[in-house]
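# An overview of the molecular structure
Each chain is listed here by its residues.
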Amino acid sequence: MHDFLKEQYEFSDYQIAQLKYLFKTVTAEVSKLLIMAFLFRNQLGIYFFAVTIMLLLRTSTGGLHCKTYWGCFAVSLGYMILSVKILPLITINKLFQMILLFICMLINHYIGPVTSAVHAPLSSKVTKRVRIQAFLIIFFYLTLTYILPESVYITAGFWVVILHTTQLIAAKILKKESKKITSTARKIQEHANTATPAHHAV
């Protein structure tokens, strides 16, 4: 496939590597969603509704990233179990839900997006666009929460927004700390490289 793309379409090695990464990413994400769909087969409607809200927000502002497939699967599964099965058991009145959604809307707009370490930095234009996108998604959901009567779908979606915002905050903190550690390590290395060893006369 590598040689075919290079010879027939004159793709560079970098472009081919990007395509491979995209294919692996899409395949991994689809497989995780299908496995979880099987696990939630008795609540497929709620599951797909929750996944839709999650993907809309995730593709806008990003968040935590795991290094392994199964690590990512475990986190995603825990995310869905909390959103669909556990957290909906907590009763929260509609007014307080709307207040929390409004707070989440502001948080996603001001601290997102948080990309993975391997992702290229986003331009200011893209950053502004995805922030507005996340803001509008949560605003639309807040409006739905106000208009529609309470249901298992609305409740699950509400908890998805809460969990997404929580993990976005965690991702932001972890990324900031990682940058500090990397910066400190780089300064130490530069200092070590520039330090001149003392010479003693014999």
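Within any chain, residue numbers begin from 1 and follow the written order of that chain's sequence. It should be noted that, the model being predicted, local features are given only for residues of pLDDT at least 70 and side-chain atom pairs only at 80 or more, the latter also being counted only at that level, while totals for whole chains, interfaces and linings use all residues. Side-chain measures were taken over the full set of non-hydrogen atoms in the model, leaving aside hydrogen atoms and water.

## Observations concerning the overall build of the protein
A tally of helices and strands in the protein yields seven helices and zero strands. Residue contacts follow a heavy-atom distance rule, with two residues in contact if any of their heavy atoms lie within 4.5 Å. Within the protein, residue pairs in contact and separated by at least 24 positions form 78% of the contacts whose partners lie at least 6 positions apart. When the accessible surface of the protein is totalled, it reaches about 13,700 Å², and 69% of it is carbon and sulfur. Here a strand is any run of E in DSSP of at least two residues, a helix any run of H or I of at least four, and the numbering for each starts at the N terminus. Using a 1.4 Å probe, the Shrake-Rupley method yields the accessible areas, and only the shown protein chains count as cover for residues.

## Description of the packing of aromatic side chains
Ring pairs shown here join Phe, Tyr and Trp side chains whose ring centres sit within 6.5 Å, with only the six-membered ring taken for Trp; geometry is labelled stacked below 30 degrees between planes, edge-to-face above 60, and tilted in between. Under the counting rule described, the total for this entry stands at seven aromatic pairs. The interplanar angle of 45° and the centroid separation of 6.3 Å between the aromatic rings of phenylalanine 49 and tyrosine 141 together place this pair among those described as tilted. Within this pair, whereas phenylalanine 49 is found in helix 3 (residues 44–61), its partner tyrosine 141 is found in helix 6 (residues 124–147), the two being separated by 92 residues in sequence. Using a 1.4 Å probe on the protein chains alone, a residue whose accessible area is under 20% of its type maximum counts as buried, one over 50% counts as exposed, and one in between counts as partly exposed. The partly exposed category is assigned to phenylalanine 49, whose relative accessible area is 25%. The structure contains a cluster of three or more aromatic residues connected by ring pairs, namely Phe40, Tyr47 and Phe48. Sitting above the plane of the phenylalanine 38 ring, arginine 41 keeps its charged end 4.4 Å from the centroid. Only lysine NZ and arginine CZ atoms are considered, and such an atom sits over a ring when it is within 6 Å of the ring centre and within 35 degrees of the ring normal.

## Observations regarding the environment of glycine 45
Mapped onto the fold, glycine 45 is located in helix 3. Taking C-alpha positions, glycine 45 is 8.3 Å from tyrosine 153, a pair spaced 108 residues apart along the chain.

## Details of the environment of leucine 87
Here leucine 87 is to be found in the loop between helix 4 (69–86) and helix 5 (94–111). The class of leucine 87 is buried, set by a relative accessible area of 14%. Excluding residues within four positions of it along the chain, leucine 87 makes contact with Leu82, Trp159 and Leu163.

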